[in-house]
Amino acid sequence: DTAVSQTPKYLVTQMGNDKSIKCEQNLGHDTMYWYKQDSKKFLKIMFSYNNKELIINETVPNRFSPKSPDKAHLNLHINSLELGDSAVYFCASSPQGSVYEQYFGPGTRLTVT
Amino acid sequence: SQQGEEDPQALSIQEGENATMNCSYKTSINNLQWYRQNSGRGLVHLILIRSNEREKHSGRLRVTLDTSKKSSSLLITASRAADTASYFCATGLLGAQKLVFGQGTRLTINP
C-alpha cells in the first residue's frame, strides 16, 4: 500500500522533448508538492497545490506546468526539456500546509541527454 | 540564500557511537522538521518540533530547538549501520505554506 507513488521511476530523454511525471497519494491529504533535488542533494520546492488549487509557484521556468485533476493526483509536465532539467523530482503530500509533516514519493530520476 | 544550513556536511562514526547534526536557519519559523533520505529513495519524516517546544524525543532520536539562536540539533544515540543516510532539516516558515530544506548531512555509520 504505497502512500505516495510516482511514475515513472526513471526517465531518460533527449533535449527538446516533452515529458510528464505522475503522482498519486492515497493518504487523503489536501496538499501536494513537487520538489526538485539537484546533484548536490539540494531539495527545492517547485509547486504546491491545496485541494486542486495552486498555492505555491516558485521561480520555475514556464516550461514546467503542474496539473491537479483531483486532490489525490498531481502531475508535472515539462516542455522542451533542457540539460539543466536533469535531476530527481519528488512528489510529496501533507494534510495541509507546512505545519504538518510531508510524505514523499520515491522520486523520478530524469536524465536529459 | 538558503533558509536552513546543516553542519557538518558529512559525518562518519563507528557503530554504537552517538551522532549529532546541527541546523541553522534565518527567519522566523512555525516548526522545524527532520527527514532522512536513504540513497536512491524518497525522504522519510523523522520528527517535528514546534517553535514553542525546546526538546523532543522519538526512540533513539532527540531534537532540540533554540529559537533565540535560530538553531536545532538532531542527536541519534547508539547508532546502527542502518542509520547510514542523509539527514535534512526543514523549516516551516511563519505565514508560508511550504517547507524550506537545508542541504543535508551525509551520515555514515561504520560497522
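Report on the accompanying structure. No experiment lies behind these values; they were computed from the predicted model shown.

**Observations regarding the overall build of chain A**
And then number 1: Of regular secondary structure, chain A possesses zero helices and eleven strands.
And then number 2: Listing the helices and strands of chain A from first to last along the sequence gives β-β-β-β-β-β-β-β-β-β-β.
And then number 3: Computed over its C-alpha atoms, the radius of gyration of chain A comes to 13 Å, within 12% of the 13 Å expected for a compact globule of 113 residues.
And then number 4: If one aligns the C-alpha atoms of chain A with their principal axes, the spans along those axes are about 35 × 30 × 25 Å.
And then number 5: Looking at chain A as a whole, 43% of its 113 residues qualify as buried.
And then number 6: Sequence-distant contacts in chain A: of pairs separated by 6 or more residues, those separated by 24 or more amount to 54%.
And then number 7: Averaging the positions of the 12 positive and the 11 negative side-chain charges in chain A gives two centres separated by 6 Å.

**A few points about unusual backbone geometry**
And then number 1: Across the junction of Thr7(A) and Pro8(A), the peptide omega takes the value -5°, indicating a cis bond.
And then number 2: Along the chain, Pro8(A) falls in the loop between strand 1 (4–7) and strand 2 (10–13).
And then number 3: Following Asp7(B), the chain continues to Pro8(B) via a peptide bond in cis, the omega torsion being 0°.
And then number 4: Position of Pro8(B) relative to the elements: it lies in the loop between strand 1 (5–7) and strand 2 (10–14).
And then number 5: Within the chain, Ser80(A) stands out as a residue other than glycine whose phi angle is a positive 45°.
And then number 6: With respect to the secondary-structure elements, Ser80(A) resides in the loop between strand 8 (73–78) and strand 9 (87–94).

**Examining the state of the cysteines**
All names here are of chain A.
And then number 1: Going through the model one piece at a time under the given rule, you end up with two disulfides over all chains.
And then number 2: The disulfide partner of Cys23 is Cys91, and the S-S distance across this bridge is 1.8 Å. Its torsion about the S-S bond being -75°, the disulfide of Cys23 and Cys91 is classed as left-handed. In this pair, Cys23 is assigned in strand 3 (residues 19–25) and Cys91 in strand 9, connecting sequence segments 68 residues apart.
And then number 3: Of the residues examined, Cys23 reaches a relative accessible area of 1% and is grouped as buried.

**Structural notes on the environment of Gly107(A)**
And then number 1: In this structure, Gly107(A) sits in the loop between strand 10 (103–104) and strand 11 (108–112).
And then number 2: If we ignore the near neighbours within four places in the chain, the residues touching Gly107(A) are Gln6(A), Pro8(A), Lys9(A), Val88(A), Tyr89(A) and Phe90(A).

**Considering the packing of aromatic side chains**
And then number 1: With the rule as written, the count across this model stands at eight aromatic pairs over all chains.
And then number 2: Judged by centre distance (6.0 Å) and plane angle (85°), the rings of Phe104(A) and Phe101(B) are edge-to-face. Linking Phe104(A) in strand 10 with Phe101(B) in strand 10 (residues 99–101), this pair reaches from one chain into another.
And then number 3: Measuring from ring centre to ring centre gives 5.4 Å for Tyr35(B) and Phe101(B), while their planes differ by 55°; the resulting arrangement is tilted. Of this pair, Tyr35(B) sits in strand 4 (residues 29–37) while Phe101(B) is found in strand 10, placing the two residues 66 residues apart along the sequence. Taken as a pair, Tyr35(B) and Phe101(B) share a single burial class, namely buried.
And then number 4: Clustering of aromatic rings is evident, with ring pairs tying together Tyr33(A), Tyr35(A), Phe90(A), Phe104(A), Tyr35(B) and Phe101(B).

**What about the sheet that holds strand 8 of chain A?**
Residue and element names in this part refer to chain A.
And then number 1: Taken together, the four strands give an open sheet; going across it, the order is 1-3-8-7, and neighbouring strands pair in antiparallel fashion. Edge positions in the open sheet fall to strand 1 and strand 7 (64–70), since each of these has one partner strand only. Looking at each pair of strands side by side, their axes are set apart by 20° on average, direction ignored.
And then number 2: The pairing of strand 3 with strand 8 spans four bridges and is classified as antiparallel. When the bridges of strand 8 are listed, Ile21 appears paired with Leu76.

**Describing the sheet that holds strand 1 of chain B**
Residue and element names in this part refer to chain B.
And then number 1: In spatial order, the strands read 1-3-8-7-6; together these five strands make up an open sheet with antiparallel pairing. Strands at the two margins of the open sheet, each flanked by one partner only, are strand 1 and strand 6 (55–58). The average angle at which neighbouring strand axes cross in this sheet is 15°, direction not considered.
And then number 2: Where strand 7 (residues 61–66) lies against strand 8 (residues 71–76), six bridges are found, and the strand directions are antiparallel. Within strand 8, the residue paired with Asp66 across the bridge is Ser71.

What counts and how
Residues numbered from 1 in each chain as written. Chains lettered and ligands numbered in written order. Predicted model: local features only at pLDDT ≥ 70, side-chain atom pairs only at ≥ 80, totals over all residues. Heavy atoms only, no water. Helix = DSSP H or I, 4+ residues; strand = E, 2+ residues; numbered from the N terminus. Rg over C-alpha atoms; globule rule 2.2 N^0.38 Å. Buried < 20%, exposed > 50% of the residue type's maximum accessible area, 1.4 Å probe, protein only. Contact = heavy atoms within 4.5 Å. Lys, Arg positive; Asp, Glu negative; His and termini not counted. Charge placed at Lys NZ, Arg CZ, Asp CG, Glu CD. Disulfide = S-S within 2.5 Å. Phe/Tyr/Trp six-rings, centres within 6.5 Å; stacked < 30°, edge-to-face > 60°. Pairing = 2+ DSSP bridges. Axes fitted to C-alpha atoms, helices over the stretch in contact; angles between N-to-C directions.

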